[in-house]
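# Observations on the three-dimensional arrangement
Next come the chains, spelled out residue by residue.
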Amino acid sequence: MTLTLVSTHTVPVEGATVAAIEILTGIDATYDEYQFHFYNMHPVTNGTDWQFQVDTGTNTNWDMYITSSAFNAWHLEEATGSSASSEYQQGDDQQNADRAYQNLTGTVGSDAPEGLSGVMSLFAPASDAFLKHWISRCAQREEDYIRDHIRSGMIGTAAYDAGSGETTAITRIRFRFESGNIATGVIKMFGVK
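Structural notes, computed from the coordinates. (Residues numbered from 1 in each chain as written. Predicted model: local features only at pLDDT ≥ 70, side-chain atom pairs only at ≥ 80, totals over all residues. Heavy atoms only, no water.)

### As for the overall build of the protein
Helix and strand counts for the protein come out as zero helices and twelve strands. Its helices and strands taken in sequence order, the protein reads β-β-β-β-β-β-β-β-β-β-β-β from the N to the C terminus. Whereas a compact globule of 193 residues would reach a radius of gyration of roughly 16 Å, the protein reaches 17 Å, a difference of no more than 12%. Taken over the C-alpha atoms alone, the protein extends approximately 50 × 40 × 35 Å along its principal axes. With 193 residues in all, the protein has 44% of them scored as buried. Summarising the internal contacts of the protein: among those between residues at least 6 apart in sequence, 76% fall at separations of at least 24. Here the protein displays about 9200 Å² of accessible surface, and carbon together with sulfur accounts for 50% of that area. (Helix = DSSP H or I, 4+ residues; strand = E, 2+ residues; numbered from the N terminus. Rg over C-alpha atoms; globule rule 2.2 N^0.38 Å. Buried < 20%, exposed > 50% of the residue type's maximum accessible area, 1.4 Å probe, protein only. Contact = heavy atoms within 4.5 Å. Areas by Shrake-Rupley, 256 points an atom, 1.4 Å probe, with all protein chains shown as cover.)

### Thoughts on the packing of aromatic side chains
Counting across every chain of the model gives nine aromatic pairs. Chaining the aromatic ring pairs together yields one cluster made of Phe-36, Phe-38, Trp-50, Phe-52, Trp-134, Phe-175 and Phe-177. Lying across the ring of Tyr-65, Arg-99 places its NZ or CZ 4.3 Å from the centre. When the ring centre of Tyr-39 is taken as origin, the NZ or CZ atom of Lys-188, which lies over that ring, is 5.8 Å away. (Phe/Tyr/Trp six-rings, centres within 6.5 Å; stacked < 30°, edge-to-face > 60°. Lys NZ or Arg CZ within 6 Å of the ring centre and 35° of its normal.)

### Quick look at the sheet that holds strand S4 (residues 48-55)
Read from one edge to the other, the open sheet built from four strands follows the order S2-S11-S4-S7, with strand pairing classed as antiparallel. Looking at which strands have only one partner, the edges of the open sheet turn out to be strand S2 (20-23) and strand S7 (102-108). Each strand of the sheet is rotated relative to its neighbour by a mean of 15°, with strand direction disregarded. Pairing between S4 and S7: four bridges, direction antiparallel. (Pairing = 2+ DSSP bridges. Axes fitted to C-alpha atoms, helices over the stretch in contact; angles between N-to-C directions.)

### Overview of the pattern of salt bridges
A complete count under the given rule lists six salt bridges for this structure. In this structure, Arg-151 engages Asp-92 in a salt bridge whose closest nitrogen and oxygen atoms are separated by 2.8 Å. Of the two residues, Arg-151 is situated in strand S10 (residues 145-155) and Asp-92 in the loop between strand S6 (84-88) and S7; the sequence distance between them amounts to 59 residues. Assessed through its relative accessible area of 0%, Arg-151 is described here as buried. Residue Glu-114 is joined to Arg-141 by a salt bridge in which the shortest nitrogen-to-oxygen separation is 3.5 Å. A residue pair is termed long-range when its members are at least 10 positions apart, and Glu-114 in the loop between S7 and strand S8 (115-123) and Arg-141 in strand S9 (residues 132-142) qualify at 27 residues. (Salt bridge = Lys/Arg side-chain N within 4 Å of Asp/Glu carboxyl O.)

Put into C-alpha cells, the structure is as follows:
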C-alpha cells in the first residue's frame, strides 16, 4: 500500500480558530481509497464530539444518509488501573434516515493536554455503482480517560430496500466538532494505491 499526500489542512488558519475543515477538492476517481489523518485536533469547547459529513458536490447541505456502528474501548488513568471497559456505543450509531453528522469520537476535552488523533478511510468515493463504505479509529483524551473509538458504516443508504440507495459519487467532506470551533490541529488527506 502506497500513500500519496493529496492535501494538508492546518488550524489555526491565519491565527484564527475555524468552525470546520472542509475538503472541497481532490476526492475523485484517482484513488480507490482516501485516508484522512487527524493530528492533535483540539476543540475550543470542552466535551464535544468530533464529527464528519459528506456531500456530492450537487447536494451542498452536508446531509447524506449514513448507516453506522460505533464501539469504544477506554481506560481510566489511575494508579490501580482497575477502571477499563469496551462497549458498543449505540448512541453514536446512525440509521439510514438520520442524515446527520456522524460522531467519530465521544466528548473531547479542551484542556491543554487533551485532544484527539486518528485515521478515517473512505472507500471508492467516485463509484456510481455502490454505496460508499468508511471506517475510522481515533484515540482521544478527556479528563482522566483515554478512549479508543472505532466507527464504521456506509454512506448513501436512502432506504432499507436493496437497490434504493444513493450511489452518487462523494466529492467533498467536512470535519468539525459538534459545538464550538477547532482551536488547533492538522488533517492530511492521502490517496491510497
